[in-house]
Amino acid sequence: MYSHTALKIYAALREDIIKTNAQFWREFSDSSKIEALAIEAENYAQELWDANICLSCCFDEDFPALPMSLKSSERPFLFAYKGDFSLLRNPEINVAVVGVLTPNEEFLIRERNVIERLVAKGYRVVSGLAIGCDTVAHGTCLEQSGKTIAFLPSTLTNIYPKQNSSLAKKIMANGGLVITEYVTEPKNRYENVKRLIERDRLQAMFADRIVLIASYRQGNGDSGSRHAMAKAKEYGKERFVMFRAEIDGGNPMLALNEDLIADGANVITNNVLNSFS
């Protein structure tokens, strides 16, 4: 379930000794410094056992490889998870799918078609368990007997959003992965919003391709998709957007899609999907 070092990092987070990613890499990048912490880590073993939560830390062999260019503030060091942690390996077969919280039925039909095509080609779907496009991405993947990965902005014991708790259980029961950086509850609304943004980078980090279904332009609606797409560009990942010029031009729910096409993102078409290998 976890190494002793991972358990000590978990305890240090729970006791507020480690507060940020940047602090961890600045002060505890050597595992001996973690082991030297005067904390009773075993006190937390029972709560992990009771909740059936597994841990992996950056000093463990199974911890996934990270882009070398990551800033310390963005570099994860501990994951709490349920499900198949090995799905974070081989990011070349992981495709992140992001989009608005309130897509219309037409967009959902088009999204389902994209997901079905991806799963048929053997891809795994990465998303954030949010309502709307994320829910459809995970759900359609499961319906097609695919494997899906859900990155949470919350703890595993208080899944956000609550209405998708049952979806999280389905993901785990069907060989997927539900995973988070967070082992404590946010202290305030600001921290809660910050975690939503931080979660978005992980979707881009652990997939070689990312697909935007639909999103408003900044300031006019959802921003989570914008953050994920921006990080994908920064990390050098392939970016794709759903867009049909003859019917989608001028639609505010696809304004970010239009902006990203101008910024070099590819339109996801049947021919593009056929080219995925």
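Now for a look at the structure at hand. (Residues numbered from 1 in each chain as written. Predicted model: local features only at pLDDT ≥ 70, side-chain atom pairs only at ≥ 80, totals over all residues. Heavy atoms only, no water.)

1. Remarks on the overall build of the chain
1) Next: Helices and strands together make up the secondary structure of the chain, namely 12 helices and 9 strands.
2) Next: Since a compact globule built from 277 residues should have a radius of gyration of about 19 Å, the 19 Å found for the chain is in line with a globular shape.
3) Next: Buried residues in the chain amount to 53% of all 277 residues.
4) Next: Within the chain, residue pairs in contact and separated by at least 24 positions form 76% of the contacts whose partners lie at least 6 positions apart.
5) Next: Of the charged side chains in the chain, 32 are positive and 35 negative, and the gap between their average positions amounts to 2 Å. (Helix = DSSP H or I, 4+ residues; strand = E, 2+ residues; numbered from the N terminus. Rg over C-alpha atoms; globule rule 2.2 N^0.38 Å. Buried < 20%, exposed > 50% of the residue type's maximum accessible area, 1.4 Å probe, protein only. Contact = heavy atoms within 4.5 Å. Lys, Arg positive; Asp, Glu negative; His and termini not counted. Charge placed at Lys NZ, Arg CZ, Asp CG, Glu CD.)

2. Observations concerning helix H1 (residues 4-14)
1) Next: Counted residue by residue, H1 has 9 buried out of 11 residues, so it is predominantly covered.
2) Next: Within the span of H1, buried status applies to Thr5, Ala6, Leu7, Lys8, Ile9, Tyr10, Ala11, Ala12 and Leu13.
3) Next: Of the surrounding secondary structure, the elements contacted by the buried residues of H1 are helix H2 (21-27), helix H3 (31-35), helix H4 (45-51), strand S1 (54-57) and strand S2 (78-83).
4) Next: With its phi angle positive at about 65°, Asp16 sits one or two positions after the end of H1.

3. Brief notes about the packing of helix H5 (residues 105-120) against helix H6 (residues 133-143)
The relative placement of two packed helices is expressed as an angle between their axes plus a distance between the axes.
1) Next: The interhelical angle for the contact between H5 and H6, taken along N-to-C directions, is 40°, at an axis separation of 9 Å. Taken together, H5 and H6 sit at an angle that is classed as oblique. H6 is crossed by H5, and the crossing has right-handed handedness. Seen from H5, the contacting residues are Leu108, Glu111, Arg112, Ile115, Glu116 and Val119; seen from H6, they are Cys133, Val136, Ala137, Thr140 and Cys141.
2) Next: Split into classes, the residues belonging to the contact of H5 with H6 amount to 7 nonpolar, 1 polar and 3 charged. (Axes fitted to C-alpha atoms, helices over the stretch in contact; angles between N-to-C directions. Parallel < 35°, antiparallel > 145°, perpendicular 65-115°, else oblique. Left-handed = near helix turned anticlockwise from the far one by under 90°. Nonpolar A, V, L, I, M, F, W, Y, C, P; charged D, E, K, R; others polar.)

4. Things to note about the side chain of Asp200
1) Next: Within the element layout of this structure, Asp200 appears in helix H8 (residues 189-205).
2) Next: Apart from the residues within four sequence positions on either side, Asp200 is in contact with Gly224, His227 and Ala228.

5. Some remarks on the pattern of salt bridges
1) Next: In the structure shown here, the tally under the stated rule is 19 salt bridges.
2) Next: Here Glu106 ties to Arg110 by a salt bridge, and the two come within 3.1 Å at their closest N and O atoms. With Glu106 and Arg110 both in helix H5 and 4 residues apart, this pair spans about one turn of that helix.
3) Next: Taking the relative accessible area as the measure of exposure, Glu106 reaches 39% and is therefore partly exposed.
4) Next: Since its relative accessible area comes to 12%, Arg110 is described here as buried.
5) Next: Linking Glu181 and Arg201 is a salt bridge whose minimum nitrogen-to-oxygen distance equals 2.8 Å. (Salt bridge = Lys/Arg side-chain N within 4 Å of Asp/Glu carboxyl O.)

6. Things to note about the environment of Ala265
1) Next: Its location among the elements puts Ala265 in the loop between helix H11 (255-262) and strand S9 (266-267).
2) Next: A sequence separation of 120 residues divides Ala265 from Ser145, and the C-alpha atoms of the two residues are 29 Å apart.
3) Next: Apart from residues lying up to four places away in sequence, Ala265 is in contact with Arg239, Val241 and Leu260.

7. Remarks on the pairing of S2
1) Next: Counting buried positions over the 6 residues of S2 gives 5, a clear majority of the element.
2) Next: Pairing of S1 with S2, which is carried by 4 bridges, proceeds in the antiparallel orientation. Pairing of Ser56 across the sheet is with Phe79, part of S2.
3) Next: The pairing of S2 with strand S6 (residues 177-180) spans 4 bridges and is classified as antiparallel. Bridged to Ala80 within S6 is Thr180. (Pairing = 2+ DSSP bridges.)

8. What to know about the packing of H8 against helix H9 (residues 224-234)
1) Next: Between H8 and H9, the shortest axis-to-axis distance is 8 Å and the interhelical angle comes to 45°. Comparing their axes, H9 and H8 come out oblique. The element H8 and its partner H9 pack so that their crossing is right-handed. Listed contacts from H9 to Ile197, Asp200, Arg201 and Ala204 of H8 are Gly224, His227, Ala228, Lys231 and Ala232.

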